[in-house]
Every structure is written in C-alpha cells, then in structure tokens.
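Chains, contacts and geometry: an overview
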Amino acid sequence: ILGKGPFYGREFFVSPATLIPRNETEELVHLIIKENRNAGLKILDIGTGTGCIPISLALEMNNPEVYGVDISEEALQIAEKNGVALAAKVTFSTCDILTQVPEVAELDILVSNPPYIPEQQRSEMHKNVLDFEPELALFVSNEDPLIFYKRISEIGKQLLKPNGKLYFEINENYGNDVASLMQDLGYSEVRVLKDLNEKERMVAGRR
Ligand SMILES: C[S@@+](CC[C@H](N)C(=O)[O-])C[C@H]1O[C@@H](n2cnc3c(N)ncnc32)[C@H](O)[C@@H]1O
C-alpha cells in the first residue's frame, strides 16, 4: 500500500515500512538549510525512512553531496523511489547504526531523527499512529531511550570533519540529556532548540 505525504513543499511516497514525515522534521530541515549556505557540503542522514530529510536537503541546498542510511530495506526502497520521483541526487544504503558505521567520511553535516519514543509511552499514543507506522521507526526501550543519540554522537566524532555539525530531532523530554551527552563527548556550541509549538525539539552541536 503506497500513499503520499507532504514534506517541505513536496509529496513523498510513504508505505507501512516508513514513518509519515512530520512537521517537526520540516523545522529541522529548515534549520539546516538556513545555517549552511556553502556549496558542496557533504551530508549524511541516519534513519532516513522515506528519505524526506536528505532529498529535501539535496534539492534546497547549494550542490551538496548527500547520503542516507536505514536498517530497513523496505524503507530504503521507498527512499530510492522518492529520490527518483523528485530528481534528487542522494546515495542510499543499508546500515544498522547500532552495530555498523556508515562508509562515508569527512562529513560537514550529520543529521538524524532516530527512533525516540520510550515503550512506556506506547499506550498514550493514538491508535491510528500505531496501526499505520512501523514500530522500528518509533520506539526505543525504556531502559536506554537515548541509545541512538549516544551511538550517533560517537559515530559523529569519527565521521564528521573537525567543526562539522551534528543535528538531531529529539523527544521533547530529552533536550538536556542529549545536549549533555554531546558535551561529554566534546561537542562544542551545543544548542537545544524549540519547535513552533514551543517544545524542545532539536539539538545541534559542532564536533
Ligand atoms: C523516527 S524514524 C525517521 C524517518 C525519517 N528520517 C523522518 O524523519 O521522517 C527513524 C528511522 O530509523 C530507522 N532505524 C531504526 N533502527 C535503526 C538502526 N538500528 N539503524 C539504522 N536505522 C534505524 C527506522 O527504520 C526509521 O526509518
């Protein structure tokens, strides 16, 4: 079953294997575009789903070199399809970010909207979300809800250029926790940013 969903002014194919793109994520994309005007930046999106983040960046930024990875083959097929339909040059590949390191280096920008909803919040969620969206895209264990942020921040220390930037979308409850784990790893200029609903939604920092 294929549907479509709007994101940053374009229509993206979605499927039961992908998250439906969210408004909050448009704000993350907007922030990255606004803050990074140079030509030819090298960018990786981790947990790419429909590919909405890297495809939008590829089409809106100044001639960047863009990559996207996901653990889900089915999601990557949709991302590829979106890349072709929207004529965006993005290289997609499979990667389990918790056990592997993507094969790209010297990045200017690393971005991720990883799974961030603790299992315990599942019962508070609308049934329509749970019926149509893949659990893999949404949930993390209650014991280690920041697992993706820790791992991706560590990988960022390896894959980002000195002064390269890391951008995360976050669960509104974890802004300070994500910021401090980035600071502990040596990231500088760490900022927690709010979305249009005044919820803490993004964290950014420099390697
Ligand atoms: C919250 S969704 C974000 C999707 C898309 N980037 C967006 O913003 O609409 C998280 C994504 O991470 C992927 N994912 C989950 N576990 C992963 C892992 N271990 N390695 C890589 N990607 C993973 C899921 O398949 C899903 O596409």
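See the structure printed just above.
Here's a quick rundown of the structure.

Residues other than glycine seldom take positive phi values, yet Asn63 does so here, at roughly 50 degrees. Within the secondary structure, Asn63 is located in the loop between α2 (52–60) and β4 (65–70). The phi dihedral of Glu189 falls on the positive side, at around 50 degrees, and the residue is not glycine. Along the chain, Glu189 falls in strand β10 (residues 188–194). The exposed category is assigned to Glu189, whose relative accessible area is 56%.

As a further point, take the pattern of salt bridges. Per the counting criterion, the structure on display carries ten salt bridges. Glu119 serves as the salt-bridge partner of Arg122, at 2.5 Å between the closest nitrogen and oxygen. Its relative accessible area of 33% is what places Glu119 among the partly exposed residues. Overall, the relative accessible area of 24% leaves Arg122 in the partly exposed class.

Between helix α1 (residues 23–35) and α2, the least distance of the axes is 10 Å, while the angle of their chain directions is 35 degrees. Every pair of crossing elements has a handedness; the one defined by α1 and α2 is right-handed. Taken together, the residues of α2 that come into contact with α1 (itself represented by Thr25, Leu28, Val29, Ile32 and Ile33) are Ile53, Ser56, Leu57 and Glu60. Its residues assigned to classes, the contact of α1 with α2 shows six nonpolar, two polar and one charged.

Each value, and the rule that gives it
- Residues numbered from 1 in each chain as written.
- Predicted model: local features only at pLDDT ≥ 70, side-chain atom pairs only at ≥ 80, totals over all residues.
- Heavy atoms only, no water.
- Helix = DSSP H or I, 4+ residues; strand = E, 2+ residues; numbered from the N terminus.
- Buried < 20%, exposed > 50% of the residue type's maximum accessible area, 1.4 Å probe, protein only.
- Salt bridge = Lys/Arg side-chain N within 4 Å of Asp/Glu carboxyl O.
- Axes fitted to C-alpha atoms, helices over the stretch in contact; angles between N-to-C directions.
- Left-handed = near helix turned anticlockwise from the far one by under 90°.
- Contact = heavy atoms within 4.5 Å.
- Nonpolar A, V, L, I, M, F, W, Y, C, P; charged D, E, K, R; others polar.

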